[in-house]
Structure formats: C-alpha cells, structure tokens
Amino acid sequence: MARVGQAKSSAGERLSDRIAIGVLTRAFPRQLVDEVIAETGRGEQRSRLLPARVVVYFVLAMCLFFGQPYEEVARLLGEGLGNRERSWRVPTTAAIGRARRRLGSEPLRMLFARVCRPVAVPDTAGAWYRRWRLVAVDGTTLDLADTAENDSFFGRPGSGRGTGAFPQARLVALAECGTHGVFGAAVGPLSVSEPVLSRQLLPRLRAGMLLLADRGFYGFELWQAARATGADLLWRMRKSAALPAVQVLADGSYLSTVHAEPDRRSRRNPVVVRVIEYSLAGTGEATVYRLLTTLLDPEQAPAMELAALYAQRWEIKTHQRGPKLVLRSRYPWGVEQEIYGFLLVHHAVRQLMHQAATGQGLDPDRLSFTRSLRIVRRQVPAQAAFSPRQTHPGTDPHPG
C-alpha cells in the first residue's frame, strides 16, 4: 500500500525518473541536476519519498507557479503513470518543507552558475553594440515573509516614518541587455550595498563585453576591478564629481582622469577615462547625464551612440512574482533557495523567448515575458497527463 504522498509504481521505479515539467527539464536536464546534487553532497543515503532531484524540480515549479499552494505545485509536477487504478497522493506540506531544508540553497546556486550564461548569438537583434556584447548590472530588493529569522538576517527598510512592512533581501544581477537573460547574481542583506554585492559578479565578465551601470555603482576601486576583467565599461557618474577636461574630443566628449581616494587631492596615479555629458529634455527641467567609459576613441564609439545605449539600459524586473507578492520562505536558507529558483526559471523562459525571436528574425524585446510565462505555465499541466484521484486540500503555511 502506498504511503501518504507516494505513488504506487512498478518495482524499482522512482518518482525522480518520472518527472515531466516541460521547459524546466529541457533547460535543466536531470543528469545535470544529479551532478550538482552529487557535487554539493546533497544526495540521499537511503530511498526517500522526496529525493533531492525531485526537490530541485519542485523548487523550480514552485517559482514557476508562484502563489500556488505546495500541494498544487506537487500535483502539477507529477507525471501521469498511465493507469488510473494506481493511487497518487501528493506529498504533504510538512514533508515538502523538510525536503527543501535537506536540499538547502547550494544546489540551486550551483545549478545557476553551471547553466546561466549569455545566450545572444551574433545575429541577435539588440544584443550588440558594434563588436561589444551589451550587459548591465542592476539591483533590486525583494519582500520576504515576515518572520523573526528573515528580519534578523536580512533586515527591513526604514525611514523617518518607521520601518517597512516586510523584511527585504537585496539582489544584484548581471544580464544581457538584448535578451534580459540573467547570468550573474548575488544575494545579501539590506545592509550590504549594491556596489559591494556586485564585486561577486566580476568573474562573470569577459573581454568583448560592454558593461552598463547606474550612478550608484561607481567607486574607483570597483571601476578598476571591473576594468581588470577585460570588459569595457559605460557607467553613469554623479554630476557633482570633479572631472576636469584634459582633452576635448571631436564628438564633444572629453578625456579626464579618476583617482583612488588617497591620490585624489594630489591627483597622483591618474587613470584616464572618457566623459560624455548630455541632457534629456522632459516635462520640467532637462536632466543632465554624465557617463564614464573606458572606450577612449570617439571614432570607435561616438558619444551620441553611447548616450543612446545607456538610455536603453536593462533593469531587473520581477514579472514572475506578480504585483505585491511576497516570497514565501520563512528562513534565510529558503529565501536564497527561492531566489535562485526564480532566476533559473527566468533564464529558462528568456532562453525560449530568444529561440523564438531569432527563429523569426525578431528582437527578443518585441516578445512579452509575462505572455511567454503564461504559455509555459499552460504547457506544464498539458504535458503532465496525470489526473490525480485525490489530493490533500489546505492552505500553504509557507514553510521554508
């Protein structure tokens, strides 16, 4: 007789061999998932109702179907066994919570590092500027379940009017501008700034990339560290910063120098940069923008073109979660696990969008992420032909 949450099946058959969740198994093959589980030491010493591989796919499905109770996600996850006389009862919420804790966040983090890469090809529209692959770094904050553990680890925003309603995690991500595919991510408490977190992303940069960043990221040491990766940089700079014009160039930009803090007053050990200043007239006063770049030759990269590039800078979006939704995990390890689950699902959907766009000669930006996400969600239950005889109803108390 099958236990609660267990399916009757033929001898030797495991649920982990019967997973069918469409786009997720194509983007993250089970052999790769098994490798990551083995490398992180999260494999089972004995047969379990919810083996580690299944839990990885469960976390991904949980993020794909954000807002659904655990039991419903598990129901969508299961593949039909082809015989309605065989009983199926989805795992209980408590069992799933324990399985998520056993798995931890490291396998999801490693899976992200192994799989998530830039996806644009040479003919991907909007992904390139001349010979450079366009990438951007940006940050956001995510509302978390209001628990003492999340509050203690991540903190919550505060102002003169009081503290925020929810604890928040800070996320800094590196993405292709043309495809919006995230290929680098760092998660931390609110007390850790975006520039500090972004240092974890520098190993993902390569020569031939042009990195765009907002004015909150500039600091001499971070600029130098990013420059040392071989990537070129185009960052917005505060207009109050002292950047004397050393040489005015033909396109109106000019060469200047930046210095480490100890050398700023004496202007020793200068690092040459190019400065582009322009304004965008709006409904009120014109906003003045100042860009700093390592591209010193205006013939290779004219100022007007670089200004247009920055105006199209990619920003982190969270379409998967929908408006005013809070991550469900109650503990910091679960928050990190859930965030990497979202990033992996985001990558899988963006990869599909890129394939669809390039197959039709379109710019991937022309496709809607939310519409693509809805299509993927509809495909999952369609591909899993299973219609369970019984599930365990109830609300999701959001363990993890």
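Remember, it's a predicted structure, so these values are computed and weren't measured experimentally.

What follows covers the overall build of the protein chain. Of the regular secondary structure elements, the protein chain holds 12 helices and 12 strands. By the burial criterion, 50% of the 400 residues in the protein chain qualify as buried. When contacts within the protein chain are restricted to residue pairs at least 6 apart in sequence, those whose partners lie at least 24 apart make up 66%. Per element, the accessible surface of the protein chain, about 19100 Å² overall, is 49% carbon and sulfur.

What helix α5 (residues 93-103) keeps buried is the set Thr93, Ala95, Ile96, Gly97, Ala99, Arg100 and Leu103. Phi turns positive, to about 70°, at Gly104, one or two residues after α5.

Here the focus is the confidence of the model for the protein chain. For the protein chain, mean pLDDT is 81; residues scoring 70 or higher make up 76% of the total. Counting contacts from residues 1-20, a segment whose pLDDT is below 50, to residues more than four positions away or on other chains yields 45 contacts.

Within this structure, the stated rule accounts for 10 aromatic pairs. Pairing Phe153 with Phe154 gives two aromatic rings, centres 4.7 Å apart and planes at 80°, and the pair type is edge-to-face. Seen from their ring centres, Trp223 and Trp235 are 5.2 Å apart, and the 85° between their planes marks the pair as edge-to-face. Within this pair, whereas Trp223 is found in helix α9 (residues 220-227), its partner Trp235 is found in strand β8 (residues 232-236), the two being separated by 12 residues in sequence. For Arg328, the ring lying beneath its charged end belongs to Phe66, and the centroid distance is 6.0 Å.

Turning our eyes to something else, we now look at the side chain of Ser329. Within the fold, Ser329 resides in the loop between α10 (303-311) and α11 (332-359). Here Arg100 takes part through its side chain, which lies 2.9 Å from a polar atom of the side chain of Ser329. Separated by 2.6 Å, the side chains of Ser329 and Glu338 make a polar contact.

Our next topic: the nonpolar core. Counting residues in hydrophobic clusters, the biggest one holds 59 residues, and the most contacted among them are Phe28, Leu60 and Ile339. Here this core gets 12 residues from one element, more than from any other, and that element is helix α3 (residues 52-64). Setting aside residues no more than four positions away along its own chain, Phe28 makes contact with Val33, Tyr57, Leu60, Leu111, Val115, Leu344 and Ala348. Of all hydrophobic cores here, the second largest spans 32 residues; its members include Leu197, Leu201, Phe220 and Met237.

This part covers the environment of Glu277. Tracing the sequence through the fold places Glu277 in strand β11 (residues 271-280). The spatial distance from the C-alpha of Glu277 to the C-alpha of Tyr289 is 5.6 Å, given a sequence separation of 12 residues. Those residues in contact with Glu277 that lie beyond four places of it in its chain are Tyr254, Tyr289 and Arg290. Looking at Glu277, its side chain comes within polar contact range of the side chain of Tyr254, at 3.3 Å. For Glu277, the side chain forms a polar contact with the side chain of Arg290, separated by 2.9 Å.

Attention now moves to the pairing of strand β2 (residues 132-143). With 9 of 12 residues buried, β2 lies mostly within the body of the structure. Relative to β2, strand β1 (residues 128-129) runs antiparallel, the two being bridged by 2 bridges. Note on β2: the bridge partner recorded for Trp128 is Arg133. Joining the antiparallel neighbours β1 and β2 is a turn of 2 residues, in which Arg130 adopts a positive phi near 55°. Note that β2 and strand β7 (residues 209-213) share 4 bridges and pair parallel. Within β7, the position partnered with Val135 by the bridge is Leu211. Pairing of β2 with strand β5 (residues 168-176), which is carried by 9 bridges, proceeds in the antiparallel orientation. For Ala136, the partnering residue across the bridge sits in β5 and is Ala175.

Here the focus is the environment of Leu211. Looking at the element boundaries, Leu211 is found in strand β7. On the basis of relative accessibility, which here comes to 3%, the residue Leu211 falls in the buried class. Considering only alpha carbons, one finds Leu211 and Val135, 76 residues apart in sequence, at a separation of 5.0 Å. If we skip the residues at most four places from it in the chain, Leu211 touches Val135, Ala136, Val137, Leu174, Leu205, Asp232, Leu233, Leu234 and Trp235.

Quick look at unusual backbone geometry now. Not every positive phi belongs to a glycine, and Arg130 is a case in point at roughly 55°. Turning to its location among the elements, Arg130 is positioned in the loop between β1 and β2.

A separate point is the pairing of β8. Here β8 lies mainly inside the structure; 5 of its 5 residues are buried. Pairing of β7 with β8, which is carried by 4 bridges, proceeds in the parallel orientation. Among the inter-strand pairings, Leu212 is bridged to a residue of β8, identified as Leu234. Pairing of β8 with strand β12 (residues 287-293) involves 3 bridges; the strand directions are antiparallel. Residue pairing across strands places Leu234 opposite Thr293, the latter belonging to β12.

Let us now look at the pattern of salt bridges. One pass over the structure, following the stated rule, counts 10 salt bridges. Arg53 is the partner of Asp34 in a salt bridge, and the nearest nitrogen-oxygen pair spans 2.6 Å. Taken together, the residues span a long stretch of sequence, with Asp34 in helix α2 (residues 30-39) and Arg53 in helix α3 at a distance of 19 residues. With relative accessibility at 31%, the residue Asp34 sits in the partly exposed group. Looking at Arg53, the relative accessible area reads 11%, which means it is buried. By sharing partners, the salt bridges in this structure join Glu35, Glu39 and Arg114 into a single network.

Cut-offs used in this document
Residues numbered from 1 in each chain as written. Predicted model: local features only at pLDDT ≥ 70, side-chain atom pairs only at ≥ 80, totals over all residues. Heavy atoms only, no water. Helix = DSSP H or I, 4+ residues; strand = E, 2+ residues; numbered from the N terminus. Buried < 20%, exposed > 50% of the residue type's maximum accessible area, 1.4 Å probe, protein only. Contact = heavy atoms within 4.5 Å. Areas by Shrake-Rupley, 256 points an atom, 1.4 Å probe, with all protein chains shown as cover. pLDDT = per-residue confidence, 0-100. Phe/Tyr/Trp six-rings, centres within 6.5 Å; stacked < 30°, edge-to-face > 60°. Lys NZ or Arg CZ within 6 Å of the ring centre and 35° of its normal. Polar contact = N/O pair within 3.5 Å; in protein donor to acceptor, adjacent residues only side chain to side chain. Core = buried A, V, L, I, M, F, W, Y, C linked by side-chain atoms within 4.5 Å. Pairing = 2+ DSSP bridges. Salt bridge = Lys/Arg side-chain N within 4 Å of Asp/Glu carboxyl O.

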